[in-house]
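Next come the chains, spelled out residue by residue.
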Amino acid sequence: MEKGMLPPGQRLAKGWPVSHYGPVPRFRPERWTLQVFGATANKTTYSWTFEEVTALPKVTVVADLHCASGTSTTGHTFFGIPARVLLDLAPPAEGVSHVMAWAEYGYSANLRLEDFIADSTVMATHHDDEVLTAEHGFPLRLVVPHLYGYKGPKWLRGIEYMTQDRRGFWEERGFHNIADPWTGRRHSYQEDEGP
Ligand SMILES: Nc1nc2c(c(=O)[nH]1)N[C@H]1C(S)=C(S)[C@@H](COP(=O)(O)O)O[C@H]1N2
Ligand SMILES: [Mo]
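Anyway, here's the lowdown on the structure attached to this text. Predicted model only: the values in this text are computed from it and were never measured.

### What to know about the nonpolar core
- Counting 29 residues, the largest nonpolar core has Leu34, Leu86, Phe116, Leu142, Ile159 and Tyr161 as its most contacted members.
- Breaking this core down by element, the ones donating at least two residues are strand S2 (33–38), strand S3 (46–49), helix H1 (50–54), helix H2 (85–89), strand S6 (98–103), helix H3 (113–116) and strand S11 (156–162).
- With sequence-adjacent residues up to four places away left out, Leu142 is seen in contact with Ala83, Ala101, Leu111, Phe116, Thr121, Val122, Met123, Lys151, Gly152, Pro153 and Leu156.

### A word on the pairing of strand S5 (residues 71–82)
- Bridge count for strand S1 (residues 11–12) against S5 is two bridges, and the pairing is parallel. Within the sheet, the bridge partner assigned to Leu12 lies in S5 and is Ser72.
- In terms of strand pairing, strand S4 (residues 59–66) meets S5 through seven bridges, oriented antiparallel. For His66, the partnering residue across the bridge sits in S5 and is Ser72.
- Following S4, the chain reverses through four residues before pairing antiparallel with S5; Gly70 in that reversal takes a positive phi of roughly 115°.
- Bridging between S5 and strand S8 (residues 122–127) involves five bridges; their strand directions are antiparallel. Of the residues in S8, the one forming a bridge with Pro82 is Val122.

### Overview of the side chain of His98
- With respect to the helices, strands and loops of the structure, His98 is situated in strand S6.
- Here His98 falls in the buried class, since its relative accessible area comes to 15%.
- At a separation of 2.8 Å, a polar atom in the side chain of His98 contacts the side chain of Ser97.
- When neighbours within four sequence positions are excluded, His98 is seen to be in contact with Leu111, Arg112, Leu113, Glu160, Tyr161, Met162, Gln164 and Asp165.

### Regarding empty space enclosed by the protein
- Scanning all chains against the criterion turns up two cavities of 30 Å³ or more.
- Each pocket or cavity is described by its volume, and for the largest cavity that value is around 50 Å³.
- Lining the largest cavity, in full, are His98, Asn110, Leu111, Arg112, Asp115, Leu147, Lys151, Asp165, Asn177 and Ile178.
- Sorting elements by how many residues they give to the lining of the largest cavity places strand S7 (residues 108–112) first, with three residues.
- Split into classes, the residues belonging to the lining of the largest cavity amount to three nonpolar, three polar and four charged.
- Looking at the second largest cavity, its volume works out to about 40 Å³.
- As for the second largest cavity, its lining consists of Pro25, Arg26, Phe27, Arg28, Trp32, Glu104, Phe138, Pro139 and Trp155.
- Considering only residue class, the lining of the second largest cavity consists of six nonpolar, no polar and three charged.

### Considerations on the pattern of salt bridges
- Applying the stated criterion to the full structure yields nine salt bridges.
- For Arg112, the salt bridge is made with Asp115, and the minimal N-O distance between the two is 2.9 Å.
- With its nearest N and O atoms 3.0 Å apart, the salt bridge here joins Arg166 to Glu160.
- Glu160 gets classed as buried once you look at its relative accessible area, which sits at 13%.
- One continuous salt-bridge network, built from bridges that share partners, spans Arg112, Glu114 and Asp115.

Parameters and conventions
- Residues numbered from 1 in each chain as written.
- Chains lettered and ligands numbered in written order.
- Predicted model: local features only at pLDDT ≥ 70, side-chain atom pairs only at ≥ 80, totals over all residues.
- Heavy atoms only, no water.
- Core = buried A, V, L, I, M, F, W, Y, C linked by side-chain atoms within 4.5 Å.
- Buried < 20%, exposed > 50% of the residue type's maximum accessible area, 1.4 Å probe, protein only.
- Helix = DSSP H or I, 4+ residues; strand = E, 2+ residues; numbered from the N terminus.
- Contact = heavy atoms within 4.5 Å.
- Pairing = 2+ DSSP bridges.
- Polar contact = N/O pair within 3.5 Å; in protein donor to acceptor, adjacent residues only side chain to side chain.
- 1 Å grid on protein atoms, 1.4 Å probe; cavity = no way out; pocket = protein on both sides within 12 Å on 5 of 7 lines; lining within 4 Å.
- Points joined across faces, edges and corners; volume = space filled by probe spheres on them.
- Nonpolar A, V, L, I, M, F, W, Y, C, P; charged D, E, K, R; others polar.
- Salt bridge = Lys/Arg side-chain N within 4 Å of Asp/Glu carboxyl O.

This is how it looks when you write it as structure tokens:
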């Protein structure tokens, strides 16, 4: 992408604003797990402690973030676990086409499997060489740079494998099921024009 280029209808925000629905959850390491469940190949639920998650392979991804309300922030450096690593650790059943990414307090976002396993989709633990702040999703935050921000839950706790699509939190509340900022697929009424 050309430097400074923003998707249609987006304007650059100052700094890195915090935006989410509801309160910032407190991290309780002794109770925290990341789970993969739903349509796994062997029908079991996988669970990792935070310590186990920190031992997983990590990558660096430079990304811009685009909120569907119209603000963007650019030049973020995220460090974390490539989302597709989960598919090796917790093989999906045949026919898994979508995932639901679950966060604290029941926030959720549905993703097509190809969006979830994209090269730049990362479960971030760090931002610009620092541990994520609580407001931005500590201890784990899904980042899907090629989709609007609501597809990237902060305070990520689980990935549900799905053999059929199902709408997540904002997708049920008038936001687009695909959420591609480059084609401006922002609102659910635009789905009448095609997927
Ligand atoms: N758990 C949770 N994650 C969330 C949200 C939320 O309400 N809850 N909002 C999303 C939306 S709409 C955006 S634009 C980004 C904002 O991330 P930021 O506060 O780090 O800028 O977080 C996303 N992740
Ligand atoms: Mo957003």
